[in-house]
Amino acid sequence: AASRREAAAPVADVGILDLDSDEDVAPQHKEMQLAPNQLQDEFADEPAKDIVKARKEEEEDPERLYKDEGPYPALPPHGNSEPSDARKKVLEKVKQQAGEALARGDVNHAIEKYTEAIRTGGASASMLATRAALLLKQRRPCAAIRDCCAALMINQDCGKAYHVRGVAHRKLGHWKRAHRDISKAQRLDFSEDSVSVHMFVAKKAGVLENQATGSWYGSGGNEGAKKAVEMLFTAEGQGETVKKKTQPKLPSVDLRPGQAVRIFGLTKAPQLNGKRGLVHKQNDKDPDRWDIELRMERGKLEIKSISSLSIKIIRAADAKVWQLEEKVHLEERQRRSKDERKWQEEDERKKRMAAQTRAAASGGFPDMDEAEQLEAEMSGLPLDAKAMGLLRRLKARDALDLINQAGIASVAGNLSQFVKIKVRQRLGEPDSDDDGESTKRSEQAAKAAAEVALKVEARILAQARADGAAAAAYATAAKRKAEGEPPKDRYDPEADAGGSDSESDEDFDLMPEEKEPLPPRGHVDEEPSEAKSEELARWKNEAVCASEDGDLKQSLQRYNQIFSGGGATALMLAKRAELLLKLSRPCAAIRDCTAAIEINPDLGKAHRVRGITNRKLGRWVEAHEDLTEAQRLDYDEGTAAVFLFVKEKAARAKRSAPKRQRHG
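Residues numbered from 1 in each chain as written. Predicted model: local features only at pLDDT ≥ 70, side-chain atom pairs only at ≥ 80, totals over all residues. Heavy atoms only, no water.

Per the secondary structure count, the chain includes 26 helices and seven strands. Counting every position in the chain, which comprises 664 residues, the buried fraction comes to 38%. In the chain, the proportion of contacts linking residues at least 24 apart, taken out of those at least 6 apart, comes to 61%. (Helix = DSSP H or I, 4+ residues; strand = E, 2+ residues; numbered from the N terminus. Buried < 20%, exposed > 50% of the residue type's maximum accessible area, 1.4 Å probe, protein only. Contact = heavy atoms within 4.5 Å.)

A word on the packing of helix H20 (residues 530-548) against helix H21 (residues 552-564). Running from amino to carboxyl end, H20 crosses H21 at an angle of 160 degrees, the nearest separation of the two axes being 8 Å. Between H20 and H21, the interaxial angle falls into the category roughly antiparallel. Crossing hand, H20 versus H21: left-handed. In this structure, H20 uses Leu536, Trp539, Lys540, Glu542, Ala543, Ala546 and Ser547 to contact H21, whose residues at the interface are Leu552, Gln554, Ser555, Arg558, Tyr559, Gln561 and Ile562. (Axes fitted to C-alpha atoms, helices over the stretch in contact; angles between N-to-C directions. Parallel < 35°, antiparallel > 145°, perpendicular 65-115°, else oblique. Left-handed = near helix turned anticlockwise from the far one by under 90°.)

This brings us to unusual backbone geometry. Each neighbour pair has its own omega, and for Gly70 with Pro71 the value is 5 degrees, a cis peptide bond. When you line up the elements, Pro71 lands in the loop between helix H2 (51-60) and helix H3 (85-103). Even without a glycine there, the phi angle at Asn37 is positive, about 65 degrees. Following the sequence through the fold, Asn37 ends up in the segment before helix H1 (38-43). Unusually for a residue other than glycine, Arg139 sits at a positive phi of about 65 degrees. Looking at the secondary structure, you find Arg139 in the loop between helix H5 (125-137) and helix H6 (141-154).

Take the pattern of salt bridges next. Taken as a whole and assessed by the stated rule, the structure comprises 42 salt bridges. The salt bridge partner of Arg131 is Asp147, with a shortest N-O separation of 2.6 Å. On the criterion of sequence distance, the pair formed by Arg131 in helix H5 and Asp147 in helix H6 is long-range, its members being 16 residues apart. The buried category is assigned to Arg131, whose relative accessible area is 0%. The partner of Arg276 in a salt bridge is Glu326, with the nearest N and O atoms 3.0 Å apart. In this pair, Arg276 is assigned in strand E4 (residues 276-282) and Glu326 in helix H11 (residues 319-361), connecting sequence segments 50 residues apart. For Arg276, a relative accessible area of 4% translates into the label buried. Each of the salt bridges in this network shares a partner with another, and the network as a whole consists of Glu192, Arg262, Arg276, Glu293, Arg295, Glu325 and Glu326. (Salt bridge = Lys/Arg side-chain N within 4 Å of Asp/Glu carboxyl O.)

What follows is about the environment of Arg146. Relative to the helices and strands, Arg146 resides in helix H6. Sequence spacing of Arg146 and Leu75 is 71 residues, and the spatial spacing of their C-alpha atoms is 9.1 Å. The residues contacting Arg146, other than those within four sequence positions of it, are Glu31, Leu34, Leu39, Tyr72, Pro73 and Leu75.

This part covers the side chain of His198. The topology assignment puts His198 in helix H9 (residues 195-205). For His198, a relative accessible area of 10% puts it in the buried group. A distance of 2.9 Å separates a polar atom in the side chain of His198 from a polar atom in the side chain of Ser183. (Polar contact = N/O pair within 3.5 Å; in protein donor to acceptor, adjacent residues only side chain to side chain.)

With that settled, the discussion passes to the nonpolar core. Soluble globular proteins tend to bury their nonpolar side chains together. Within the largest apolar cluster, 39 residues are counted, with the highest numbers of intra-cluster contacts made by Met127, Leu128, Leu136, Ile145, Ala150, Cys158 and Ala161. With nine residues, the single largest contributor to this core is H6. In this structure Ile145 touches Glu42, Phe43, Arg165, Ala168, His169 and Leu172, once residues within four positions along its chain are discounted. (Core = buried A, V, L, I, M, F, W, Y, C linked by side-chain atoms within 4.5 Å.)

What follows concerns the packing of aromatic side chains. Enumeration according to the criterion identifies two aromatic pairs in this entry. Measuring from centroid to centroid gives 5.7 Å for Trp175 and Phe200, while their planes differ by 80 degrees, and the two rings are edge-to-face. Of this pair, Trp175 sits in helix H8 (residues 175-188) while Phe200 sits in helix H9, placing them 25 residues apart in sequence. Residue classification places Phe200 among the partly exposed residues on the basis of a relative accessible area of 32%. Summarising the aromatic geometry, the rings of Trp620 and Phe645 are spaced 5.8 Å apart at their centres and angled 80 degrees between planes, so their arrangement reads as edge-to-face. Highlighted residues: Trp620 in helix H25 (residues 620-633) and Phe645 in helix H26 (residues 640-663), separated in sequence by 25 residues. Note on Trp620: relative accessible area 15%, which makes it buried. Sitting above the plane of the Trp322 ring, Arg276 keeps its charged end 4.6 Å from the centroid. (Phe/Tyr/Trp six-rings, centres within 6.5 Å; stacked < 30°, edge-to-face > 60°. Lys NZ or Arg CZ within 6 Å of the ring centre and 35° of its normal.)

On to the side chain of Ser194, then. With respect to the helices and strands, the residue Ser194 is situated in the loop between H8 and H9. Not counting chain neighbours up to four residues away, the residues in contact with Ser194 comprise His163 and Gln186.

Mean pLDDT over the chain stands at 75; residues scoring 70 or higher make up 71%. Taken as a whole, residues 1-27 scores under 50 in pLDDT and shows 50 contacts with residues more than four places along the chain or in a different chain. Ignoring residues within four places in sequence, the model shows residues 486-505, a span with pLDDT below 50, making 18 contacts including any to other chains. (pLDDT = per-residue confidence, 0-100.)

And the structure:
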């Protein structure tokens, strides 16, 4: 047990390194002072009623740690003040270096980087809480508690500092202090991941929660335990008692279908603790169990039979939080359905490609979809242009059936005339070649067919050529031929790799900069009234619904109302930027993303949307920088393909820059 809880070696007292700052490094200051005897009180062991039992529990607890001795990492200097703009850039760079160290698994180096920034002033409560979490990973609970105390001196409402300090106390066996800190953390910033440890330390501290009010009651002594259990299973203040075993078994908690609840205290299935759900019905076999429709990860729904003792009713005060979480879960469920459809389509596409590869390997013609089969069938029949145009107006499957009927009937006369009559009968049009509208639609169908034919040719060339660059050159030549452009004399890989102006003509995802005025920037109301909060929530819901219905302009109007009403948070700016990009307004999207990053530099969505927008504008280097940062902060598998494409384009742009300078 002693080797299991052996404290890690303390981090060495690091010196100030060159942070590439434009400012001179400030002289050494005296560290900030914590409240007198605060650390002594925090580090003190809690008295145990049964020492033998306490020692046995300590030995059996795999997460218990010994107290670590100093020296501890440096705290901010005395009189820690708001950093200058230049200093903020230095702090951001150090945070980035620490994040890179964590990505490599080098916790020691990450702590050193945070210590460099903290010692030189301008550190935030969040930075101290982050270092505390890293120290706790190194099995240094006392150093973590010290950092959290300093963080709470800077910001007494830092939920993360309370959470880390509470977990550190839990690892030291300080159950009452652990319960104090985690309860405060859950009130400031509720986390489902902390529910199980919260209930664990509450049990160890000897307190129980009243399900009706959410209040905690001591359970010391027989009378205290009896009162706590009575409040847990009965309505508070009504004097109801638990039914005797001889009477019919009744549910401990009276629930109704559709009621919002949360799960806690499960030991056999601890992964369900903290999950939200709706009451489905009372269990058919056990009246003290309820079938709960639980909200699982990635939008999944599962019905589980849960004991009444592990069900907590959501109070009216938490209704708004529940509604927001329910909305997020619904969005995840919709995204999951879309992803499953995409995966199914991708799986079918891979199967078709595998069949095409086998056909090509055996010397046959690759498999084609029905539109491609129609073009291939028509190319081998004596049909005029008007007959082909009419066939293209039908569904590909219907057109193929009609061609097969013509072959079965062995039409000896004019095949084109036969096809025209049959197609017009199906379309319900008069049998006349002078119908102008019919001619117009036939021309449109012919244009669409030309695109299909181009796709067929490109696929054949792609399969016939092993060299990817040569295949791309042949496909480009085929496209230009279809559009009536003169072909190039030869394929020039240097020109293609150089990112010339002609390359942008081949990229159909590029869009021009808009000339419309930028939407209002808005502001953030730190303490909105209850009426204003409800109004902002209603506008957000209307914006999302309008976007899902395809009314992007209406959705933009609602976002503008949100921003004017004080809801211009970093996340909302990123969401409006995504909407502006869909409306082909890239400049406005970039402005919103930049504003979001200024508020929260660690918002991966803002970096991702700005990177994709820069890609749409052909700004490859800027797009590569943004997407690199986005993937580092919040990796997204769906962005990986775009990232690789932009990375190649940015590399070509950098290689071609010296050439343009020499020729300029």
